[in-house]
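Residues per chain, in single letters:
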Amino acid sequence: MAIKITEDCINCEACEPECPNNAIYAPEENWRFSDGTNMKDNTENQHLSDEFFYIVTDKCTECKGFNDEPACASVCPVDCCVPDEDNVENEAELLAKKDKLHL
Ligand code: SF4
Ligand code: SF4
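Notes on the structure in this doc start here. (Residues numbered from 1 in each chain as written. Chains lettered and ligands numbered in written order. Predicted model: local features only at pLDDT ≥ 70, side-chain atom pairs only at ≥ 80, totals over all residues. Heavy atoms only, no water.)

A word on the nonpolar core. In terms of nonpolar packing, the biggest core is built from 15 residues, with Ile-5, Ile-24, Ile-55 and Cys-72 touching the most fellow members. If sequence neighbours within four positions are ignored, Cys-72 has contacts with Ile-3, Cys-15, Ile-24, Ile-55 and Cys-81. One finds Tyr-25, Trp-31, Phe-33 and Tyr-54 within the second-largest nonpolar core, a separate group that totals seven residues. (Core = buried A, V, L, I, M, F, W, Y, C linked by side-chain atoms within 4.5 Å. Buried < 20%, exposed > 50% of the residue type's maximum accessible area, 1.4 Å probe, protein only. Contact = heavy atoms within 4.5 Å.)

Here Lys-97 is to be found in helix H2 (residues 91-102). Beyond its immediate stretch of four places on either side in the chain, Lys-97 contacts Thr-57, Asp-58, Lys-59, Cys-60, Thr-61 and Glu-89. (Helix = DSSP H or I, 4+ residues; strand = E, 2+ residues; numbered from the N terminus.)

Another point: unusual backbone geometry. Phi is positive for Glu-13, close to 75°, though the residue is something other than glycine. With respect to the element layout, Glu-13 can be found in the loop between strand S1 (3-5) and strand S2 (24-25). Residues other than glycine seldom take positive phi values, yet Asp-79 does so here, at roughly 55°. By the element assignment, Asp-79 lies in the loop between helix H1 (71-75) and strand S4 (81-83). Judged by relative accessible area, which is 60%, Asp-79 ranks as exposed.

Going through the model one piece at a time under the given rule, you end up with three salt bridges. The partner of Glu-89 in a salt bridge is Lys-97, with the nearest N and O atoms 2.9 Å apart. Among the residues examined, Lys-97 registers a relative accessible area of 11% and is labelled buried. (Salt bridge = Lys/Arg side-chain N within 4 Å of Asp/Glu carboxyl O.)

This next bit is on the environment of Cys-81. Inspection of the secondary structure assignment puts Cys-81 in strand S4. Among residues more than four places away in sequence, those in contact with Cys-81 are Ile-3, Lys-4, Ile-5, Cys-72, Ala-73 and Cys-76.

With that settled, the discussion passes to the packing of aromatic side chains. Summed over all chains, the structure comprises two aromatic pairs. Between Tyr-25 and Tyr-54 the ring centres are 5.7 Å apart and the planes differ by 20°, which places this aromatic pair in the stacked class. Placement of the pair is Tyr-25 in strand S2 and Tyr-54 in strand S3 (residues 54-55), with a sequence separation of 29 residues. Aromatic pair Trp-31 and Phe-33: ring centres 5.0 Å apart, planes at 80°, arrangement edge-to-face. You'll find Trp-31 and Phe-33 in the same group, each marked buried. Sitting over the face of the ring of Phe-33, Lys-100 holds its NZ or CZ atom 5.9 Å from the ring centroid. (Phe/Tyr/Trp six-rings, centres within 6.5 Å; stacked < 30°, edge-to-face > 60°. Lys NZ or Arg CZ within 6 Å of the ring centre and 35° of its normal.)

Worth remembering: the numbers are spatial, not functional.
In structure tokens:
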């Protein structure tokens, strides 16, 4: 399943450079599928949080294909990168998402 960031986030920025899919954005920063991926979709999408760092579900593969564990959760000092129970995906789905992002 995708990972999400909770409101316990202290905006330390540690997670953002660790994401292999560029799925993590700063508060008030708009996002694009093309950021840090091979996708052609350059549409600017409205930011999903104006208070905390946030993860774009459609870009998060739980680090499948890159790391054994979610990199964001590994570096977060307050353990606020947690499984998103509303976006459960199996390994095959996560790997297919990774391929879509990086073909
Ligand atoms: S789990 Fe991995 S892919 Fe998902 S947001 Fe965290 S670092 Fe990025
Ligand atoms: S590492 Fe944790 S506390 Fe720091 S910005 Fe990322 S989610 Fe927030």
